[in-house]
Amino acid sequence: MPQHPLVADPLAGKRLVLGITGGIAAYKSVELARLLFKAQAASVQAVMTDAATRFIGAATFQAITNQPVFTDAWDTRIANGMAHIDLSREADGILIAPASADFLALLAQGRASDLLSTLCLARDCPLAVAPAMNRQMWAHPATQRNRSQLIADGVAVFGPGTGEQACGEVGDGRMLEPEELLDDLRGWFAPKLLAGKRALVTAGPTFEAIDPVRGLTNRSSGKMGYAVARALSEAGAEVTLVSGPTALAAPRGVRRIGIESAVQMRDAVHAHLPTELFVAVAAVADWRPAQVSVKKIRKIESNSPPELRFVDNPDILAEVAALPNAPYCVGFAAETDDTNNDQRDQALINLASAKRIRKGVPLLVANFGPDTFGSDDNALILVDRAGSIALPHASKDALARTLVAEIAQRMSV
Ligand code: C5P
């Protein structure tokens, strides 16, 4: 089957200037630079303030970025002596991480006090800052005024986060973790295919209680559903994720509603409608025990194993698709492979087409269950009225981005 090309990571091929200012969080920016290369950024040009070099050596950034590091406006390595112009001209964006309170003040006032502030003033590319400071410094009216001014000037502000600070205090002002900054950067660069659209996603397994300590569940890590929620958020949608029990953190910018059973999932879904899009990725238990014992069923109190009787769970996707003002609905199907290799994909497409019609949805995404459970990779087949397309074996994030682009295209016609 011909394979459809995948949508690239929004960071792939990007040329970034990473500005580091004076703060203990500077050590996390080393990891950020490493992750940027892992995401296939084309280049990371580190520029440090004098104060930053008191926290971490320029040699560390040089080794990790494989580029000379600039710290001085009078650096003679740039032939025309205009480091403040040349360093940002080729860049797709500048990120200042960590951005100290002092540096935010410099930016808000449009000052050109050193190389980094001068190149920010002289830039012709977008600028983002990741503030990092003591909670009192962050809460200070002057810093908040600077933050508002920077936002009004079109600067993106990532974070800060909340938690323990190097000074021992607890509150707002921590620089976001490198992985969080990477997510925010992706959202910053990604095309906004679904700007202003509301999307509802179900993910993970459901858990159907038998008694207070036992239950039945499905094999689902939630990784595919969380990747879909993340990709929708990157594309500018306002995302609510209704999730069964998983070990995953909610993607940044996504509102997660935790549930256990299919009935709870159905209720949470209906409570968050209407939306323009509904993507049902969850592995919902088809049945639940007809009766839930209020106390633990004790082995010692019965001579034989208990007999379980089941009742049907609601089909959440089919119900939503049948609503009078139904959102654009996308279903998933995890099937097992019970044919030989030649007919494997065709058998999956046949099952998925029948399921798409049965559920009354325009798009159904099929995969082989045992190939995907718990894995970071997958391969998908998208089935709609016009036929099917296969997305190659890739990370769930790459597949989710491609799926979101396909959904956006279908929603726009
Ligand atoms: O029928 P099957 O469980 O294979 O259908 C899978 C699709 O339907 C998935 O999108 C799943 O999230 C959704 N589903 C649902 N409610 C159910 C069963 C499945 O929303 N009770």
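Here the structure is a predicted model, which means the values were calculated and not measured. (Residues numbered from 1 in each chain as written. Predicted model: local features only at pLDDT ≥ 70, side-chain atom pairs only at ≥ 80, totals over all residues. Heavy atoms only, no water.)

1. Things to note about the nonpolar core
The cut-off we apply is this: The set of buried Ala, Val, Leu, Ile, Met, Phe, Trp, Tyr and Cys residues whose side-chain atoms join them within 4.5 Å is what this entry labels a nonpolar core. Whether a residue is buried, partly exposed or exposed follows from its accessible area with a 1.4 Å probe, protein chains only, as a fraction of its type maximum: under 20%, in between, or over 50%, in that order. Secondary structure elements follow DSSP: runs of H or I no shorter than four residues count as helices, runs of E no shorter than two count as strands, and numbering proceeds from the N terminus. Only heavy atoms enter the contact rule, under which two residues are in contact if any of them lie within 4.5 Å.
The biggest cluster of nonpolar side chains holds 36 residues, and the ones touching the most others in it are Val-228, Leu-232, Leu-277 and Val-279. Considering every element that reaches this core, the biggest residue donor is helix α15 (residues 396-411), with eight residues. Sequence-distant contacts of Leu-277, defined by excluding residues within four places in its chain, comprise Leu-194, Arg-198, Ala-199, Leu-200, Leu-232, Pro-327, Tyr-328, Val-330, Ile-407 and Met-411. Residues Ala-41, Ala-52, Ala-130 and Phe-158 belong to the second largest nonpolar core, which totals 33 residues.

2. Quick notes on the site of the ligand
In plain terms, the rule: We define proximity as follows: a residue is near a molecule or strand when any one of its heavy atoms falls within 4 Å of that partner. Two N or O atoms count as a polar contact when they lie within 3.5 Å, although within protein this holds only if one can serve as hydrogen donor and the other as acceptor, and sequence-adjacent residues are included solely when both atoms are side-chain atoms. All accessible-area figures derive from a Shrake-Rupley calculation using a 1.4 Å probe, and residue coverage is judged against the displayed protein chains alone.
Surveying the vicinity of the ligand reveals 13 residues, the closest of which are Ala-280, Ala-282, Pro-314, Phe-332 and Lys-355. At 2.9 Å from an oxygen atom of the ligand is found a main-chain nitrogen or oxygen belonging to Leu-317. The contact in question runs from an oxygen atom of the ligand to an N or O atom on the side chain of Lys-359, over 3.0 Å. Protein chains shield 87% of the accessible area of the ligand, which is 440 Å² for the free molecule.

3. Topic: the side chain of Thr-202
For Thr-202, the location among the structural elements is in strand β8 (residues 198-203). Leave out the neighbours within four places in its chain, and Thr-202 touches Val-242, Met-265, Val-269, Phe-278, Val-279, Ala-280, Val-281 and Ala-282.

4. So, the pairing of strand β19 (residues 387-395)
How we decide: By this definition, two strands are paired if DSSP reports at least two bridges between them.
Direction of pairing for strand β18 (residues 377-384) relative to β19: antiparallel, over a ladder of seven bridges. Residue pairing across strands places Asp-377 opposite Ser-395, the latter belonging to β19. Connecting β18 to the next strand, β19, in antiparallel fashion are two residues.

5. What about unusual backbone geometry?
Here Ala-97 and Pro-98 are connected by a cis peptide whose omega angle stands at -5°. Summarising the element assignment, Pro-98 is placed in strand β3 (residues 93-99). In this structure, the amide linkage connecting Leu-273 to the following residue, Pro-274, adopts the cis form with an omega of 0°. Phi is positive for Gln-40, close to 70°, though the residue is something other than glycine. You can see Gln-40 is positioned in the loop between α1 (26-38) and β2 (43-48). Residue classification places Gln-40 among the exposed residues on the basis of a relative accessible area of 57%.

6. Considering the sheet that holds strand β4 (residues 127-131)
Note the following rule: In this analysis an axis means a line fitted to C-alpha atoms, helices contributing only their contacting stretch, and an angle means the value between N-to-C directions, from 0 to 180 degrees.
Reading across from one edge, β2-β1-β3-β4-β5 is the order of the five strands in this open sheet, with parallel pairing throughout. Both outer strands of the open sheet, β2 and β5 (156-157), are each paired with one neighbouring strand and no more. Alignment of strand β1 (residues 15-20) against β3, held across four bridges, turns out to be parallel. In the strand pairing of β3, Gly-19 is matched with Ile-96. Each of β1, β2 and β3 touches α1; the most contacted strand, β1, lies at about 170° to it. Contacts from helix α9 (residues 178-189) reach β1, β3, β4 and β5, with the element oriented near 155° to β3.

7. Details of the packing of aromatic side chains
This is how it is decided: Aromatic pairs are defined between Phe, Tyr and Trp rings, using the six-membered ring for Trp, whenever the two ring centres lie within 6.5 Å; interplanar angles under 30 degrees are classed as stacked, those over 60 as edge-to-face, and all others as tilted. In our convention, an over-ring charge means Lys NZ or Arg CZ found within 6 Å of a ring centre and within 35 degrees of that ring's normal.
Applying the stated rule across the entire model yields two aromatic pairs. Ring plane angle 90° and centroid distance 5.9 Å describe the contact between Phe-158 and Trp-188, whose orientation is recorded as edge-to-face. Of this pair, Phe-158 sits in the loop between β5 and β6 (161-164) while Trp-188 sits in helix α9, placing them 30 residues apart in sequence. The exposure class assigned to Phe-158 is buried, which follows from its relative accessible area of 6%. Residue classification places Trp-188 among the partly exposed residues on the basis of a relative accessible area of 24%. On the numbers, 5.1 Å between centres and 55° between planes, the contact of Trp-188 with Phe-189 is tilted. Of the aromatic side chains, those joined through ring pairs into one cluster are Phe-158, Trp-188 and Phe-189. Lys-14 extends its terminal NZ or CZ atom over the ring of Phe-189, reaching a point 5.3 Å from the ring centre.

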